[in-house]
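Spelled out, the chains give:
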Number of protein chains: 2
Amino acid sequence: MLRLTREKSDILPLVAEAFRAFGYEGASFSQITKLTGVSKGSLYHVFPGGKEQMAAEILAGINGWFVKNLFEPLETGEPNAALAHMWTEIDRYFHAGGRICLVGAFALDATREHFRAAIHDYFNRWVEALSRCLVRAGAEPLAASAFAEHTVLTIQGGLILARAIHDEAVFSRALRRLSDSAEALLACQTPPH
Amino acid sequence: MLRLTREKSDILPLVAEAFRAFGYEGASFSQITKLTGVSKGSLYHVFPGGKEQMAAEILAGINGWFVKNLFEPLETGEPNAALAHMWTEIDRYFHAGGRICLVGAFALDATREHFRAAIHDYFNRWVEALSRCLVRAGAEPLAASAFAEHTVLTIQGGLILARAIHDEAVFSRALRRLSDSAEALLACQTPPH
DNA sequence: GTCTATAAAGCGATAGAC
DNA sequence: GTCTATCGCTTTATAGAC
């Protein structure tokens, strides 16, 4: 069945791509209109709060995806499976290094002030969920905490460096080093049966 | 002696702070005027090419600083001393995590296209200089290359995560892990005398 | 719910007075 | 070399036709 009126859920991912490509300030309504095919008037009908509302809803959507697909498995699932799941999903989500992290990008400039809580919560929960998962998998708490922080920050840095030198393999290699280090951490710290 | 006419070298660092705070698109002339105390007309007198010229000269200045203070020591100095020097200078340059990397920030959005070469060269030379330094210090080439990439990307990620969760200690901890890993790498791979 | 037209403000950039 | 005034253009945002 053909729907002529597009819904928020159809438009939002395209708006997100505009923010990824041009940044929050750089993504103008004319750019968003070009990318979505939806005119400025219609955009304001769907998002009365303008760009700020768009960005807020996009951040909420990203957070929701991460909570459902990564954080909750890390928090409640079988630790080793959740960990393995994370590596593959992260690689897929960030298009093997070809897609930046919008939350990380928003954290860099003054855009951060508008979305302070959302940015903080996203990264904080990621680090915490991963840390606790590692503890449940047998890691020592301090080592788990350090490795969780290391993991999240490596993913962000990998995306930057991959874009900077136009080599997505940088991200893949970083991800591979992470999963190898995780295995080493758990193999080393799990008490033998 | 009091100079009434400010020179480029006085203005440029302040313009850089505007770009750091608001991004390339977000840093308007009115913002730059507010931060520098120099009017738009005078800014165009010093930088006829406008914002693009400002950003280009800032990137060149940053690159020059890194070449002189980090890359050349890594390339030609005593390897272990150059390495130790890098950790302390990086910590100082990025204000212990309180200052972002402008080159990395520019790499994220469409700004990248304008400064493609400068961004690429900065990161590429950093990785290469560090990699060769590690080899000269006794590391195995493949391990050195991987660790160099890991180092540069960790610094970028550390700056993002520190800002995102408002905890500069994240950067300090990442830097500490790096210097520890470097020592371990060299201790492990240097043939015993 | 879609769009065009319009308003008011801000933008980069230029001209010219001092 | 400093500044203010001004020009076009684009921006966000609104109003209103269909």
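One can find the structure itself at the top, above this paragraph.
Residues numbered from 1 in each chain as written. Chains lettered and ligands numbered in written order. Predicted model: local features only at pLDDT ≥ 70, side-chain atom pairs only at ≥ 80, totals over all residues. Heavy atoms only, no water.

We now examine unusual backbone geometry. The residue Ala96 of chain A is not glycine, and still its phi comes out positive at about 55°. For Ala96 of chain A, the position within the fold is in the loop between α5 (79-93) and α6 (102-108). (Helix = DSSP H or I, 4+ residues; strand = E, 2+ residues; numbered from the N terminus.)

To continue, consider the pattern of salt bridges. All names here are of chain A. A full pass over the atoms with the stated rule returns 20 salt bridges over all chains. Of the charged contacts in the structure, one is a salt bridge between Glu89 and Arg92, with a shortest N-O distance of 2.4 Å. Separated by three residues within a single helix, Glu89 and Arg92 lie in helix α5, roughly one turn from each other. Connected through shared salt-bridge partners, Glu17, Arg20 and Arg99 make up one network. (Salt bridge = Lys/Arg side-chain N within 4 Å of Asp/Glu carboxyl O.)

Here the focus is the interface of chain A and chain B. Every contact between the two is made by 38 residues of chain A and, on the other side, 38 residues of chain B. Together chain A and chain B conceal approximately 3,400 Å² of surface at their shared face, both sides included; 66% is due to carbon and sulfur atoms. Among the residues chain A hides against chain B, the three largest losses belong to Leu108, Leu153 and Ile160 of chain A. Together they make up 20% of the total. Between the two partners, chain A and chain B, sit two salt bridges. Glu149 of chain B serves as the salt-bridge partner of Arg173 of chain A, at 2.9 Å between the closest nitrogen and oxygen. Here chain A and chain B share 10 residue pairs in polar contact (both at pLDDT 80 or more) between them. Looking at the side of chain A that touches chain B, the elements that each hand over two or more residues are α1 (8-26), α6, α8 (116-136), α9 (141-164) and α10 (169-189) of chain A. Tallying contributions element by element places α9 of chain A first for the side of chain A that touches chain B, with 13 residues. Residues of the side of chain A that touches chain B, tallied by class, amount to 18 nonpolar, 11 polar and nine charged. (Contact = heavy atoms within 4.5 Å. Buried area = accessible area lost by both parts, 1.4 Å probe. Polar contact = N/O pair within 3.5 Å; in protein donor to acceptor, adjacent residues only side chain to side chain. Nonpolar A, V, L, I, M, F, W, Y, C, P; charged D, E, K, R; others polar.)

For the rest of this paragraph, the subject is α5 of chain A. Residue and element names in this part refer to chain A. The end-to-end C-alpha distance of α5, which contains 15 residues, comes to 20 Å, matching closely the 21 Å that a straight helix rising 1.5 Å per residue would cover. A distance of 3.3 Å separates the backbone nitrogen of Asn80 from a side-chain oxygen at the start of α5, and that oxygen is part of Glu78. Immediately downstream of α5, the backbone of His95 shows phi near 50°, a positive value. (Expected span 1.5 Å × (residues − 1).)

Attention now goes to the protein's contact with DNA strand D. Taken together, 15 residues lie near DNA strand D, and Ser28, Phe29, Lys40 and Tyr44 of chain A together with Ser42 of chain B sit nearest. Of everything in DNA strand D that lies within 4 Å of the protein, sugar and phosphate atoms constitute 64%. Measuring from a phosphate oxygen of DNA strand D, one finds a side-chain N or O atom of Ser30 of chain A at 3.2 Å. Here a phosphate oxygen of DNA strand D sits 2.8 Å away from a polar atom, N or O, in the side chain of Ser42 of chain B. When contributions to the surface near DNA strand D are tallied by element, the ones reaching two or more residues are α2 (29-36), α3 (40-46) and α4 (50-76) of chain A together with α3 (40-46) of chain B. By residue number, the principal contributor to the surface near DNA strand D is α3 of chain B, which donates three residues. For the surface near DNA strand D, a count of residues per class yields three nonpolar, nine polar and three charged. (Near = heavy atom within 4 Å.)

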